[in-house]
Amino acid sequence: MYLNMLVRKNYLKASKCLMEQVKNEVTEFMKYLQDVSRACTDGYTYMPPGSSRYTEEYFAACLEHVKSYPQVYSIQEITSLTSIKFVGELSLNFEKQLLAMGKIDMLDKKVIAENTQLAVDYETVSNVVPPAKKAASVHTAISNDSNAEKLSATYEPQVCLSKEAFLQLLNNSSEFTEAWELPVWVKMNPMNGSSQSKTAYIDPPLLKMEMSWRERSLLFHQESVKLAFKKTVSRPVFFLTSEELPVEMQPPPEDKISRSLATFDDAGMDFGTDLTDLESFGESYKPSKKVKEQNEPKTASTNPTASPSQHIPSLKKPTDAPTEPLELTVTKVQGETDTLADEGDVALNKTAVSEKESRPQTQVTVAEVSSPQTPDSATPGPTNPPGKGTKKGIKRPRISGECDQLGQILKMQDAMLKSTPSKSQEPVKAHVPEDKPPEAKTHSLVKQCVTSYLESREGQEEDTTLPADVPVLVATQRKRLLKEDLQVSAEDEMDYDPPADGSILYKLYSLLDVLLMVRSSVDIGQPRHDKDTFRAVPVHVLPKLEYQLCYGAEILTHTEACQLWAEKLLHSSTVSFISRINAHTSEVAQMQMLPDDWIQNITCDFKPIRCLNTFYHLLKKVSSLQEGRYLLVHKPREGFVTIFKASDETKAARGVYHLQHAHCGPPDVSPGIPWVPLDPSYVLPFHQKHGRPPCTFPPRPPHQAKGGTGPKPLQGKSTVRPPQAANQNQSTKKRKKGKNKRAWSDNMKVKMMKDQQKTQTSEGGKDGKP
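Computed from a predicted model, the values in this text were never measured in an experiment.

## Some remarks on the overall build of the protein
Stage number 1. The secondary structure content of the protein amounts to 20 helices and 17 strands.
Stage number 2. Counting only residues that meet the buried cut, the protein has 42% of its 770 residues in that class.
Stage number 3. Considering only intrachain contacts with a sequence separation of at least 6, the fraction spanning at least 24 residues in the protein is 81%.
Stage number 4. A total accessible area of about 43600 Å² is found for the protein, and carbon and sulfur atoms account for 53% of it.

## As for the side chain of Asn 93
Stage number 1. Within the fold, Asn 93 resides in strand E2 (residues 93-107).
Stage number 2. Only 3.3 Å separates the side chain of Asn 93 from the side chain of Ser 91, close enough to count as a polar contact.

## Points about the pattern of salt bridges
A pair can form between side chains of opposite charge whenever their charged atoms are brought close.
Stage number 1. A complete count under the given rule lists 20 salt bridges for this structure.
Stage number 2. The closest approach of N and O atoms between Arg 38 and Asp 35, which form a salt bridge, is 2.9 Å. One end of the pair, Arg 38, and the other, Asp 35, are both in helix H2 (residues 16-39), three residues apart, so they sit about a helical turn from each other.
Stage number 3. Its relative accessible area of 45% is what places Asp 35 among the partly exposed residues.
Stage number 4. For Lys 187, the salt bridge goes to Glu 149, with nearest N and O atoms at 2.6 Å. Residue Lys 187 is found in strand E4 (residues 180-188), and its partner Glu 149 is found in helix H6 (residues 146-155); the two are separated by 38 residues along the sequence.

## Considerations on the packing of aromatic side chains
Stage number 1. Scanning the model with the defined rule gives 14 aromatic pairs in all.
Stage number 2. Geometrically, the ring pair formed by Tyr 44 and Tyr 547 is stacked, given 5.0 Å between the ring centres and 20° between the ring planes. A residue pair is termed long-range when its members are at least 10 positions apart, and Tyr 44 in the loop between H2 and helix H3 (51-66) and Tyr 547 in the loop between strand E11 (534-546) and helix H16 (558-570) qualify at 503 residues.
Stage number 3. One Lys or Arg, Lys 187, reaches over the ring of Tyr 201 and ends 5.4 Å from the middle of that ring.
Stage number 4. Against the face of Trp 213 rests Arg 216, its NZ or CZ located 5.5 Å from the ring centre.

## Details of a nonpolar patch on the surface
Stage number 1. A contiguous nonpolar patch, built from Ile 75, Ile 78 and Phe 640 and spanning about 260 Å² of accessible area, is present on the exposed surface.
Stage number 2. Within the fold, Ile 78 resides in strand E1 (residues 72-80).
Stage number 3. The class for Ile 78 is exposed, based on a relative accessible area of 51%.

## Focus: the packing of H3 against helix H8 (residues 213-226)
Stage number 1. Look at H3 against H8: their axes get within 9 Å of each other, and the N-to-C directions meet at 95°. Relative to H8, the element H3 lies roughly perpendicular. Facing H3, whose interface residues are Ser 51, Tyr 54, Thr 55, Tyr 58 and Phe 59, H8 presents Arg 216, Leu 219, Phe 220 and Glu 223.
Stage number 2. Among the residues making up the contact of H3 with H8, the classes are represented as five nonpolar, two polar and two charged.

## Topic: the pairing of strand E10 (residues 524-529)
Stage number 1. Note: E2 against E10, two bridges, orientation parallel. By the bridge assignment for E10, Met 106 is matched with Gly 525.
Stage number 2. The pairing of E10 with E11 spans five bridges and is classified as antiparallel. Note that in E11 the partner of Gln 526 across the bridge is Val 537.

## Details of unusual backbone geometry
Stage number 1. In this model, Phe 176 sits at a positive phi of 50°, which is unusual for a non-glycine residue.
Stage number 2. Its place among the elements puts Phe 176 in the loop between helix H7 (163-170) and E4.
Stage number 3. Phi is positive for Cys 695, close to 60°, though the residue is something other than glycine.
Stage number 4. With respect to the helices, strands and loops of the structure, Cys 695 is situated in the loop between helix H19 (685-690) and helix H20 (723-767).
Stage number 5. The class of Cys 695 is buried, set by a relative accessible area of 2%.

## Side note on the environment of Thr 82
Stage number 1. The residue Thr 82 is located in the loop between E1 and E2 in this model.
Stage number 2. Overall, Thr 82 belongs to the exposed group, its relative accessible area being 57%.
Stage number 3. Setting aside residues up to four positions removed in sequence, Thr 82 forms contacts with Phe 176 and Gly 639.
Stage number 4. Looking at Thr 82, its side chain comes within polar contact range of the side chain of Ser 80, at 3.3 Å.

## A few points about the packing of H7 against H16
Stage number 1. Relative orientation of the contacting elements H7 and H16 amounts to 125°, with a least axis distance of 10 Å. Considering the angle they form, H7 stands oblique to H16. Crossing hand, H7 versus H16: right-handed. Touching Lys 163, Phe 166, Leu 167 and Leu 170 of H7 are Cys 562, Trp 565, Ala 566, Glu 567, Leu 569 and Leu 570, all from H16.
Stage number 2. Within the contact of H7 with H16, the residues separate by chemical class into eight nonpolar, no polar and two charged.

## A word on the side chain of Asn 147
Stage number 1. Among the structural elements, Asn 147 can be located in helix H6.
Stage number 2. For Asn 147, a relative accessible area of 2% corresponds to the buried category.
Stage number 3. Only 2.9 Å separates the side chain of Asn 147 from the backbone oxygen of Asp 497, close enough to count as a polar contact.
Stage number 4. The residues touching Asn 147, leaving out its near neighbours within four places in the chain, are Met 101, Tyr 496, Asp 497 and Tyr 506.

## Let's talk about the pairing of strand E13 (residues 588-593)
Stage number 1. Where strand E12 (residues 575-582) and E13 come together, five bridges link them in antiparallel fashion. Paired with Ile 578 across the bridge in E13 is Gln 592.
Stage number 2. Hairpin geometry of E12 and E13 is characterised by an intervening segment of five residues between the two adjacent antiparallel strands and by a positive phi of about 55° at Ser 586.

## Considerations on the nonpolar core
Stage number 1. With 51 residues, the main nonpolar core has Ile 202 and Leu 516 as its most contacted residues.
Stage number 2. Leu 3, Val 26, Ala 583 and Met 591 belong to the second largest nonpolar core, which has 34 residues in total.

## Description of the confidence of the model for the protein
Stage number 1. Looking at the protein, pLDDT values average 73 and 60% of them are 70 or higher.
Stage number 2. The model gives residues 253-326 a pLDDT under 50, and that stretch makes 115 contacts with residues more than four places away or in other chains.
Stage number 3. Scored below 50 in pLDDT, residues 422-446 shows 74 contacts in the model against residues more than four places distant or in partner chains.

## Quick notes on H6
In an α-helix, one turn spans 3.6 residues; hence positions three or four apart end up facing the same way.
Stage number 1. For H6, the complete set of buried residues consists of Asn 147, Ala 148, Leu 151, Ser 152, Ala 153 and Tyr 155.
Stage number 2. Where H6 is buried, its residues touch E2, strand E3 (159-162), strand E5 (198-202), helix H15 (484-487), strand E8 (503-511) and strand E9 (514-520).
Stage number 3. The N-terminus of H6 is capped by Asp 145, whose side-chain oxygen sits 3.0 Å from the backbone nitrogen of Asn 147.
Stage number 4. After H6 finishes, the residue Glu 156 shows a positive phi value of roughly 55°.

## Brief notes about H3
Stage number 1. Here H3 contains 16 residues, and its C-alpha end-to-end distance of 23 Å stays within 8% of the 22 Å for a straight helix at 1.5 Å per residue.
Stage number 2. If you check which residues of H3 are buried, you get Ser 51, Tyr 54, Thr 55, Tyr 58, Phe 59, Cys 62, Leu 63, His 65 and Val 66.
Stage number 3. The elements touched by buried residues of H3 are helix H4 (122-128), helix H5 (131-138), strand E6 (210-211), H8 and helix H18 (659-662).

## A closer look at the state of the cysteines
Note on terminology: a disulfide is the covalent bond linking the sulfur atoms of two cysteines.
Stage number 1. With the rule as written, the count across this model stands at zero disulfides.
Stage number 2. With no disulfide of its own, Cys 40 lies 9.4 Å from the sulfur of Cys 550, the closest cysteine sulfur.
Stage number 3. What makes Cys 40 partly exposed here is its relative accessible area of 44%.
Stage number 4. A disulfide-free cysteine, Cys 604 has its sulfur positioned 9.6 Å from the sulfur of Cys 611, the nearest such atom.

Criteria and cut-off values
- Residues numbered from 1 in each chain as written.
- Predicted model: local features only at pLDDT ≥ 70, side-chain atom pairs only at ≥ 80, totals over all residues.
- Heavy atoms only, no water.
- Helix = DSSP H or I, 4+ residues; strand = E, 2+ residues; numbered from the N terminus.
- Buried < 20%, exposed > 50% of the residue type's maximum accessible area, 1.4 Å probe, protein only.
- Contact = heavy atoms within 4.5 Å.
- Areas by Shrake-Rupley, 256 points an atom, 1.4 Å probe, with all protein chains shown as cover.
- Polar contact = N/O pair within 3.5 Å; in protein donor to acceptor, adjacent residues only side chain to side chain.
- Salt bridge = Lys/Arg side-chain N within 4 Å of Asp/Glu carboxyl O.
- Phe/Tyr/Trp six-rings, centres within 6.5 Å; stacked < 30°, edge-to-face > 60°.
- Lys NZ or Arg CZ within 6 Å of the ring centre and 35° of its normal.
- Patch = residues over 30% accessible without salt bridge, like charges linked within 9 Å, V, L, I, M, F, W, Y side chains within 5 Å.
- Axes fitted to C-alpha atoms, helices over the stretch in contact; angles between N-to-C directions.
- Parallel < 35°, antiparallel > 145°, perpendicular 65-115°, else oblique.
- Nonpolar A, V, L, I, M, F, W, Y, C, P; charged D, E, K, R; others polar.
- Pairing = 2+ DSSP bridges.
- Left-handed = near helix turned anticlockwise from the far one by under 90°.
- Core = buried A, V, L, I, M, F, W, Y, C linked by side-chain atoms within 4.5 Å.
- pLDDT = per-residue confidence, 0-100.
- Expected span 1.5 Å × (residues − 1).
- Disulfide = S-S within 2.5 Å.

See below:
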């Protein structure tokens with residue numbers, strides 16, 4: 001029953017008792033497997049026949065590559081990774097694809113057939129991909145890339161990364177177990193105009209100083225898997241399709257910064273925080289095509305639920321309805337000159353303005369336009385003394401009088417743009433009595449929030465719906481950092497150097513306020529036939545060594561999960577596979593295609609938002625460095641990164657790092673056993689065949705009747721006897737014990753009598769008496 005639930009992913013019908021029972025057994029089974037790994041350490045040191053030579057030559061080629069960097073560094077600064085400011089709703093946004101050159105190999109629908117035996121000899125693998133070629137492909141510096149320098153001079157990104165550096169900076173778990181060294185070169189871009197920018201180039205990480213047996217074997221199997229791909233034909237890289245969208249075309253953030261549209265039937269809504277209709281208010285008015293379309297007569301009777309992105313609110317002519325929700329009336333009442341005298345009354349120009357005609361300059365009293373009120377106040381009517389206002393929900397009377405609604409709203413808009421409210425002026429709050437309709441001569445449809453916004457514009461508004469930092473960062477995140485003239489420009493491939501083998505792509509991304517360029521490559525793809533055109537999608541195959549296939553499939557590690565996730569970040573249309581390889585036989589046990597929701601089902605400590613926050617912090621730190629060459633060093637399980645700067649000092653001093661001394665030989669073997677827990681939710685074929693849930697012990701054999709061939713029940717403490725039988729046995733023991741005691745006493749009496757007789761006989765013989 002539990003196995004069927006795993007296969008069908010139907011967890012709702014499972015009982016809590018069953019789930020708890022399986023959970024406890026999985027925990028015990030994991031402890032058992034870890035004990036087995038300690039007892040069988042030789043299983044983790046196994047290497048294919050040709051892998052030892054291949055990895056040794058690969059390490060030698062990587063050490064030669066290390067010599068191309070400065071050898072002496074001094075400490076520049078230390079930056080913490082644990083006390084960084086956490087930013088929610090952080091995402092890497094695609095800006096533009098700058099350049100794509102080279103070719104990709106197309107694969108069959110079945111990338112690799114299951115039970116395929118991979119090549120394990122040195123000659124077969126090295127003839128296709130020599131160790132030196134593999135080392136050069138993963139250590140190609142982007143700081144010396146002429147294509148990257150030309151693109152950086154035009155687009156001016158703050159950071160330019162290789163794909164390997166991009167993956168390494170993202171791969172930071174909660175314990176920071178990964179150790180890495182990243183060379184950085186900060187260069188000044190060629191002078192463009194009056195300002196000069198700089199770009200930090202981050203090269204691929206250097207060779208690790210410690211590697212486990214699992215990592216060494218994986219280096220060899222990465223190339224052995226490529227030989228097993230079922231390739232069909234090669235295509236130019238421009239056939240590659242991508243689903244990346246620019247920032248302005250991406251979907252908006254979640255409900256945290258969205259608002260629902262209100263209908264005109266709600267008369268008691270809070271207007272104080274609804275400022276999205278003020279996009280054109282408070283700025284110099286420039287007629288645009290959009291505004292002109294809204295000024296046409298047909299817009300005067302548009303749907304009340306129009307989009308809030310319009311610059312001018314939708315208008316609705318007054319009807320005979322008793323109330324007019326969402327319409328705020330500002331009246332000028334004759335006879336109240338005493339109240340308005342202190343406010344500096346200015347006469348309102350009542351010249352009628354017809355549609356699409358020129359509008360005369362108008363002025364309006366501050367007390368009429370910018371009377372700040374609380375959000376709960378109702379429609380103001382005749383002016384009353386300050387401090388007295390109506391309560392929320394009071395029925396508003398019908399407004400009488402005829403006026404041009406559209407012309408009136410345009411007048412009020414011009415008046416608000418030209419007037420400068422004074423904070424020293426005392427606001428006048430209006431009151432509408434229920435029994436007396438207002439005697440209004442002029443009225444407007446200006447919202448109350450408009451006047452409040454104009455009066456408080458000199459200060460800073462606070463958003464009470466979200467934390468202080470989140471909306472600012474999210475708003476910056478959605479803004480496109482690339483300049484408008486560069487968004488539509490195109491690069492000529494003839495001006496750049498194509499790759500000698502494979503493909504190469506340069507893409508621009510934005511992470512909050514950081515513009516970064518990433519150089520990546522796509523080696524293989526699959527065809528996607530449309531109706532009219534031929535397209536291809538990238539394919540990413542992750543080789544995963546399995547050391548415990550007799551028990552189940554191992555979980556994804558943090559590094560493996562980060563690689564799969566990062567491939568989707570770089571190319572959103574990527575189709576990802578996991579090639580599960582038997583580490584002892586080098587046989588492909590299974591090809592697993594990743595579903596869309598794979599991140600939600602993993603059990604390792606992988607949090608994409610945490611990786612992006614650490615990545616953003618490091619990018620900001622690198623982009624702030626001055627011109628020069630640097631080295632970022634992170635040691636395992638340390639919550640900080642040391643930034644070294646290239647130095648000319650050759651003498652040994654405190655804080656000096658010698659790169660050649662650190663990389664004087666091949667990597668050491670990492671201590672410990674590289675054991676990985678199994679995935680309790682991943683079902684292999686033998687689990688289904690034998691009806692055995694993953695990560696559980698074999699079921700106990702069923703109990704058989706007497707005379708059968710089944711095992712006998714255990715004897716001892718675990719044997720349970722009926723209470724009556726136990727009492728009978730105890731009474732029988734007591735009777736036997738009593739009989740033995742009486743027999744012993746009788747024998748002792750007889751023995752004592754015999755001894756006494758012997759004594760008497762011996763004494764009588766001495767005296768001569770019988």
